[in-house]
Amino acid sequence: MVIKVFLASSSGSTAIKKKQQDVVGFLEALKVEYSQMDIACNEENRMWMRENVPEEKKPSNGIPLPPQIFNEAGYCGDYETFFDAKEDNQVYAFLGLPPPPGSKKKEIPAEECNGGVHGEEEVTEEILSEEGGEVEESGGAEEKAAEEAEGKAAEDETAEDGAAEDETAEDGAAEDEAAEDEAAEDEAAEDEAAEDEEAEESAEDTEEASEDTKARVEEEEAEEEAEDEEAKGEDDQPVSEEEEDVVSEEEEELLQLEEEEDEAAEAEEEGEEE
């Protein structure tokens, strides 16, 4: 006979995980052979479990939750009935398994009895004594298994709490990193805004300087035009008679010089011909 424990390997419920660990840990402590039937990854296991859980054991919605325990095709119970059997040291009866070899009652043949009432009383006392010791031994084994299972469940819970703390620490680190990134982005945005403002101010200053330069150029051009007009006005003024006489004398002197040069040139040419 094989004990089948139907469980969900990827359950998101912490309560269901703890119940499954409790059942599995207790069976391992008792060294009971069992098979884990995963309903999360195997649809056939899920349907078989739902079909074979008795209707009176199903919840109001008709869908039984893991863990569910079977002995072959026979239904043993859910976690609550398993827990009650564990508390009452009746796990073997709950699983439909014979108790360990040390817990069987001894059968004393009739010929070994002395035949009298006294003999029967002694045999009865001996059997009761042996049974009491065997029950205590079996109960002690179950209690020890329960303690081991509880210890393992506590260790698993501690491991889960540690994993949760690690996850919380990772979340905190991720939040800190996100806050740092956000602060860096804000600082970069502020720097960019300051740079844009400086660029706008520089552009305004450049534009003002250009306007000033343009105004100065226009002013200089206006001054040059005024000077040109004044010079032109001086040129257009009429020449006086004295100035005209000076010019005529200079022209006559130039003409005389030219005539003298021409005569000298002609004399040289005639001398060369002779």
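Residues numbered from 1 in each chain as written. Predicted model: local features only at pLDDT ≥ 70, side-chain atom pairs only at ≥ 80, totals over all residues. Heavy atoms only, no water.

**Thoughts on the nonpolar core**
Right, on to step 1. Ile3, Leu27, Val32, Ile69, Phe82 and Leu95 are the most contacted members of the largest nonpolar core, which has 20 residues in total.
Right, on to step 2. Of all the secondary structure elements, the ones that give two or more residues to this core are strand 1 (3-7), helix 1 (14-29), helix 3 (79-87) and helix 4 (91-95).
Right, on to step 3. Apart from residues lying up to four places away in sequence, Ile3 is in contact with Leu27, Val32, Glu33, Tyr34, Ser35, Ile69, Phe70, Asn71, Leu95 and Leu97.
Right, on to step 4. With 7 residues, the next largest nonpolar core counts Ala8, Met37, Ile39 and Phe70 among its residues. (Core = buried A, V, L, I, M, F, W, Y, C linked by side-chain atoms within 4.5 Å. Buried < 20%, exposed > 50% of the residue type's maximum accessible area, 1.4 Å probe, protein only. Helix = DSSP H or I, 4+ residues; strand = E, 2+ residues; numbered from the N terminus. Contact = heavy atoms within 4.5 Å.)

**Section: the packing of aromatic side chains**
Right, on to step 1. Taken as a whole and judged by the stated rule, the model has 8 aromatic pairs.
Right, on to step 2. Arranged with centres 6.1 Å apart and planes meeting at 35°, the rings of Tyr79 and Phe83 form a pair that is tilted. Here the residue Tyr79 and the residue Phe83 both occupy positions in helix 3, the gap between them amounting to 4 residues, near one helical turn.
Right, on to step 3. Among the aromatic residues, ring-to-ring pairing joins Phe26, Tyr79, Phe82, Phe83 and Phe94 into one connected group.
Right, on to step 4. Between the NZ or CZ atom of Lys4 and the centre of the ring of Trp48, over which it lies, the distance is 5.3 Å. (Phe/Tyr/Trp six-rings, centres within 6.5 Å; stacked < 30°, edge-to-face > 60°. Lys NZ or Arg CZ within 6 Å of the ring centre and 35° of its normal.)

**Digging into the sheet that holds strand 4 (residues 74-78)**
Right, on to step 1. Across the sheet, which stays open at both edges, the 4 strands sit in the order 2-1-3-4 with mixed pairing between neighbours. Strands with a single pairing partner mark the edges of an open sheet, and in this sheet they are strand 2 (34-38) and strand 4. Pairs of neighbouring strands in the sheet enclose a mean axial angle of 25°, with direction left out of account.
Right, on to step 2. Where strand 3 (residues 68-71) lies against strand 4, 4 bridges are found, and the strand directions are antiparallel. Within the sheet, the bridge partner assigned to Gln68 lies in strand 4 and is Asp78.
Right, on to step 3. Where helix 2 (residues 43-52) meets the sheet, its contacts fall on strand 1, strand 2, strand 3 and strand 4, and the angle it forms with strand 3 comes to roughly 80°.
Right, on to step 4. Each of strand 3 and strand 4 is contacted by helix 3, which is oriented at about 85° to strand 4, the strand it contacts most. (Pairing = 2+ DSSP bridges. Axes fitted to C-alpha atoms, helices over the stretch in contact; angles between N-to-C directions.)

**A short note on the pattern of salt bridges**
Right, on to step 1. Scanning all chains against the criterion turns up 4 salt bridges.
Right, on to step 2. Glu80 is the partner of Lys19 in a salt bridge, and the nearest nitrogen-oxygen pair spans 3.4 Å. Separated by 61 residues along the polypeptide, Lys19 in helix 1 and Glu80 in helix 3 bring together distant segments of the chain.
Right, on to step 3. Looking at Lys19, the relative accessible area reads 28%, which means it is partly exposed.
Right, on to step 4. For Glu80, a relative accessible area of 42% gives the class partly exposed.
Right, on to step 5. A salt bridge links Glu43 to Arg46; the shortest N-O distance between them is 3.3 Å. Of this pair, Glu43 and Arg46 both sit in helix 2, separated by 3 residues, roughly a single helical turn. (Salt bridge = Lys/Arg side-chain N within 4 Å of Asp/Glu carboxyl O.)

**Structural notes on unusual backbone geometry**
Right, on to step 1. Geometrically, the link from Pro66 to Pro67 is a cis peptide bond, its omega value of 5° lying close to zero.
Right, on to step 2. The phi angle at Lys31 is positive, at roughly 60°, despite the residue not being glycine.
Right, on to step 3. Here Lys31 shows up in the loop between helix 1 and strand 2.
Right, on to step 4. Since its relative accessible area comes to 74%, Lys31 is described here as exposed.

**Remarks on the pairing of strand 1**
Looking along a regular strand, one sees side chains alternate from face to face of the sheet.
Right, on to step 1. With 4 of 5 residues buried, strand 1 lies mostly within the body of the structure.
Right, on to step 2. Summarising the sheet, strand 1 and strand 2 pair through 5 bridges and their orientation is parallel. Looking across to strand 2, one finds that Phe6 is bridged to Met37.
Right, on to step 3. In this region the chain leaves strand 1, passes through helix 1 and returns to the parallel neighbour strand 2; the handedness of that crossover is right-handed. (Right-handed = clockwise from strand over helix to strand, strands pointing away.)

**A look at the confidence of the model for the protein chain**
Low pLDDT marks stretches whose predicted atomic positions should not be read closely.
Right, on to step 1. Of all residues in the protein chain, 65% attain a pLDDT of 70 or more, and the chain-wide mean is 76.
Right, on to step 2. Here residues 105-138 is a poorly scored stretch, pLDDT under 50, and it has 15 contacts once near neighbours within four places are set aside; other chains count. (pLDDT = per-residue confidence, 0-100.)

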